[in-house]
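# Remarks on the overall topology
One letter stands for each residue in the lines below.
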Amino acid sequence: MTEPLLRIEGLRAAYGECPVLEDLAFSVAPGETVALLGRNGAGKTTTLRALVGLVPHRSGQIRLDGADLMPLPPHHLARCGIGYVPEERGVYASLTVAENLALPRGRGNGMPMERILALFPNLAERWDSAGTDLSGGEQQMLAIARVLRMGIRLLVLDEPTEGLAPAIVQRIGAVLQDLRRDGMTILLVEQNFRFARRVADRFLLMEHGRITANLTKAELPEHENRLSERLGV
Ligand code: ATP
């Protein structure tokens, strides 16, 4: 069996006294796209934030390619190869597209600009526009492009399609499929089940801070009704 790129074991996380993740465990194989699904408040965002060190009270094990990430502060993660795009996207609003893409410093070996612009042709058209002048879809694409510039091995996306028009959602789906074909490993939180079904190889259902179902794409049809019910879709 292939060693997972990301392995999470016994992860607990809390906001103050309030536990959110309880003994969470899952892994992501190299080149795999995994969708973390669940109702509002299940703990999906907290899982990603705990993974990148943004939840102060956490314990357990997080390994990337065997290396223990637990003691590392968030600003070291890009250097380890994790590219995190939060729900609020994290582009620099006052800077242009060109400046946003010039900034990231990660492990080196970032994705070449030609490949970035082939994946996101809109960004070439908006090259000198400030972040504030971009549409929501363009901001999402810029946010993904920024982390790809850092030379990442794991792309972590929180609700990449939220609030976006169907045509843009299609475009982002196509980008994720292209990245997958390039061999990128992707972990995404998604409320849009149709989108997740299109892009992911495996589906984790999260309920009350735990993973309660772990299904491959092949297993999905058999469990789809139950899953839809649990997701409330
Ligand atoms: P959503 O889709 O609504 O974001 P989610 O599955 O991503 O849902 P989380 O955002 O991880 O869920 O929230 C899990 C629980 O933690 C919820 O009960 C939420 O109210 C609580 N929570 C989230 N962020 C904080 C915070 N900064 N301080 C205190 N509690 C929080």
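We now turn to the structure provided with this report. (Residues numbered from 1 in each chain as written. Predicted model: local features only at pLDDT ≥ 70, side-chain atom pairs only at ≥ 80, totals over all residues. Heavy atoms only, no water.)

## Things to note about the overall build of the protein chain
- Along the backbone of the protein chain there are nine helices and 10 strands.
- Over its C-alpha atoms the protein chain spans a radius of gyration of 17 Å, differing by no more than 12% from the 17 Å that the globule rule assigns to 233 residues.
- Along the first, second and third principal axes, the C-alpha atoms of the protein chain reach 45 × 40 × 35 Å.
- Expressed as a percentage of the 233 residues in the protein chain, the buried residues total 50%.
- Taking as baseline every contact in the protein chain between residues at least 6 positions apart, the subset at least 24 positions apart corresponds to 71%.
- Carbon together with sulfur atoms contributes 49% to the accessible area of the protein chain, which is approximately 10700 Å² in total. (Helix = DSSP H or I, 4+ residues; strand = E, 2+ residues; numbered from the N terminus. Rg over C-alpha atoms; globule rule 2.2 N^0.38 Å. Buried < 20%, exposed > 50% of the residue type's maximum accessible area, 1.4 Å probe, protein only. Contact = heavy atoms within 4.5 Å. Areas by Shrake-Rupley, 256 points an atom, 1.4 Å probe, with all protein chains shown as cover.)

## Topic: unusual backbone geometry
- Of note, the phi angle at D23 is positive, near 55°, even though the residue is not glycine.
- Positionally, D23 belongs in strand β2 (residues 18–28).
- Among the residues examined, D23 registers a relative accessible area of 42% and is labelled partly exposed.
- Of note in the backbone geometry, E159 takes a positive phi value of approximately 50° without being a glycine.
- Since its relative accessible area comes to 7%, E159 is described here as buried.

## Observations concerning the environment of L164
- For L164, the position within the fold is in the loop between β7 (154–158) and α7 (166–181).
- Filtering out sequence-adjacent residues up to four positions away, L164 remains in contact with R89, G136, G137, Q140, V169 and I172.

## Here's the deal with the packing of aromatic side chains
- Scanning the entire structure with this criterion turns up zero aromatic pairs.
- Lying across the ring of F193, R197 places its NZ or CZ 5.2 Å from the centre. (Phe/Tyr/Trp six-rings, centres within 6.5 Å; stacked < 30°, edge-to-face > 60°. Lys NZ or Arg CZ within 6 Å of the ring centre and 35° of its normal.)

## Section: the sheet that holds β2
- Taken in spatial order, the four strands make up an open sheet running β2-β1-β4-β5, and their pairing is antiparallel. Here the strands that pair on one side only, and so sit at the sheet edges, are β2 and β5 (67–68).
- Pairing of strand β1 (residues 6–15) with strand β4 (residues 57–64) involves seven bridges; the strand directions are antiparallel. Following the sheet pairing, E9 is matched in β4 by Q61.
- Of the strands in this sheet, β1, β2 and β4 are in contact with helix α1 (residues 44–51), which crosses β1 at around 110°. (Pairing = 2+ DSSP bridges. Axes fitted to C-alpha atoms, helices over the stretch in contact; angles between N-to-C directions.)

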